[in-house]
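The lines below spell out each chain.
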Amino acid sequence: VLLAFTDASPKSRGFAWVGLENFAYIFEDRNFWEVARNSLTIIASSTLIAMLLGLALALLLNEGLRGTRLFRTLIFQGWVVPWIAIAVLWGWLFNFDYGIVNHVLVLAGVFDRSANWLADGALAKIVIISGFVWRIIPFMMITILAALQGVSTELIEAAKIDGATYRQRLRHIVFPLIRNVIVVAALLQAVRLFQEITLPLVVTAGGPINATTTLSLYTYKLAFQQWDFGLAGAVGAVWSGALVVAAGLYAWMVDRRARRADR
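Everything quoted here is computed from the prediction, not taken from an experiment.

Caption draft 1: Representation of the overall build of the protein chain. Scanning the protein chain for helices and strands turns up eleven helices and zero strands. Ordering the α and β elements of the protein chain from the N terminus gives α-α-α-α-α-α-α-α-α-α-α. Principal-axis analysis of the C-alpha atoms places the extent of the protein chain at approximately 75 × 60 × 30 Å. Taking all 263 residues of the protein chain together, the buried fraction comes to 37%. For the protein chain, contacts bridging at least 24 residues in sequence account for 66% of all contacts bridging at least 6. Accessible surface, the protein chain: about 15600 Å² in total, of which carbon and sulfur atoms supply 64%.

Following this line, the structure appears as structure tokens:
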């Protein structure tokens, strides 16, 4: 935050106090707003998709089907692989010349020929979103599964006796009881993705033409490529402040709902 009010840079020996100059610059900078939109689009999409898939997997695992223990073990193997290794492998999967994704899609008849995923803005976003989704599904799944296992079986059995269908039990009993857990898990992963720099840096380097540049990568480039610590500090301060406001609004909503329930 202090750096945000200076022109600090390792290129110069000292630094001068510039007040709100850095903030004024980024708020007038089209690149900053484009990067902010990219971040919201990529992170919101990734979190929502991972939440839905994690919920679906948790519901299946909660049914006690055969092979669920093996599945739970296998899905966590990918989670423990270092993120840098996953980023490199993700780039290979979507490579234009030899990527397995293109090969499978062409064989299935979805594409007539290989798509250049990393050279098209919309396709590059899909690459980053899919990587984020794959990475956070295990956390979403295991968190929601723990919440599901905490739901009283007596409530479920009573609803069955009353003739409630599976969908009705989910809508009126299960979801209301685990809703807060799902939202908190989603918020935690969204904050984590806002900090994530490895995948977009390694796979797309933020391209093409800033299409996959997120706030974390943008801040990194300002600080360690342009060597402008002041601008990087301003972006970081704005970004952190936005997350604090979002978290505060959620906490206020939860507290308000709890007070209403107590009444």
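So much for the structure itself; the text now carries on.
Caption draft 2: Examining the nonpolar core more closely. In terms of nonpolar packing, the biggest core is built from 57 residues, with I178 and L199 touching the most fellow members. Here this core gets 13 residues from one element, more than from any other, and that element is helix α6 (residues 121-149). If near-sequence neighbours (up to four positions away) are discounted, L199 is found in contact with W83, A87, W90, I128, G131, F132 and T204.

Caption draft 3: Here's a closer look at the layout of surface pockets. Roughly 480 Å³ of volume is contained in the largest pocket. Lining of the largest pocket is provided by 22 residues; of these, L40, F194, A242, L243 and A246 occupy positions nearest its centre. Secondary structure elements with two or more residues in the lining of the largest pocket: α2 (30-62), α8 (166-195) and α11 (229-262). Along the lines of polarity and charge, the residues of the lining of the largest pocket split into 21 nonpolar, one polar and no charged. Roughly 370 Å³ of volume is contained in the second largest pocket. Taken together, 14 residues form the lining of the second largest pocket, with N62, E63, I156, K160 and V174 sitting closest to its centre. Only α2, α6, α7 (153-161) and α8 provide two or more residues apiece to the lining of the second largest pocket.

Criteria and thresholds
Sequence positions are assigned chain by chain, starting from 1 and proceeding in written order. Where local features are concerned, this predicted model is filtered to residues with pLDDT of at least 70; where side-chain atom pairs are given and counted, the filter is 80 or more; whole-chain, interface and lining totals use all residues. Note: side-chain values were computed over all heavy atoms of the structure, leaving out hydrogens and water. Helical segments are the DSSP runs of H or I of at least four residues, strand segments are the runs of E of at least two, and each set is numbered from the N terminus. Per-residue accessibility, obtained with a 1.4 Å probe over protein chains only, is compared with the maximum for each type, and a residue is labelled buried under 20%, exposed over 50%, and partly exposed between these values. Residue contacts are counted whenever heavy atoms from the two residues lie within 4.5 Å of one another. What sets the accessible areas is the Shrake-Rupley method with a 1.4 Å probe; for residues, cover comes only from the shown protein chains. Residues grouped as a nonpolar core are buried Ala, Val, Leu, Ile, Met, Phe, Trp, Tyr and Cys residues, joined through side-chain atoms within 4.5 Å. With a 1 Å grid spanning the protein atoms alone, the term cavity applies to any set of points in which a 1.4 Å probe fits but cannot get out, the term pocket to an open set with protein on both sides within 12 Å along at least five of seven lines, and the term lining residue to any residue with an atom within 4 Å of a point. Grid points are joined across faces, edges and corners, and a volume is the space filled by probe spheres set on the points. Three classes are used: nonpolar for Ala, Val, Leu, Ile, Met, Phe, Trp, Tyr, Cys and Pro, charged for Asp, Glu, Lys and Arg, and polar for all others, with Gly counted as polar.

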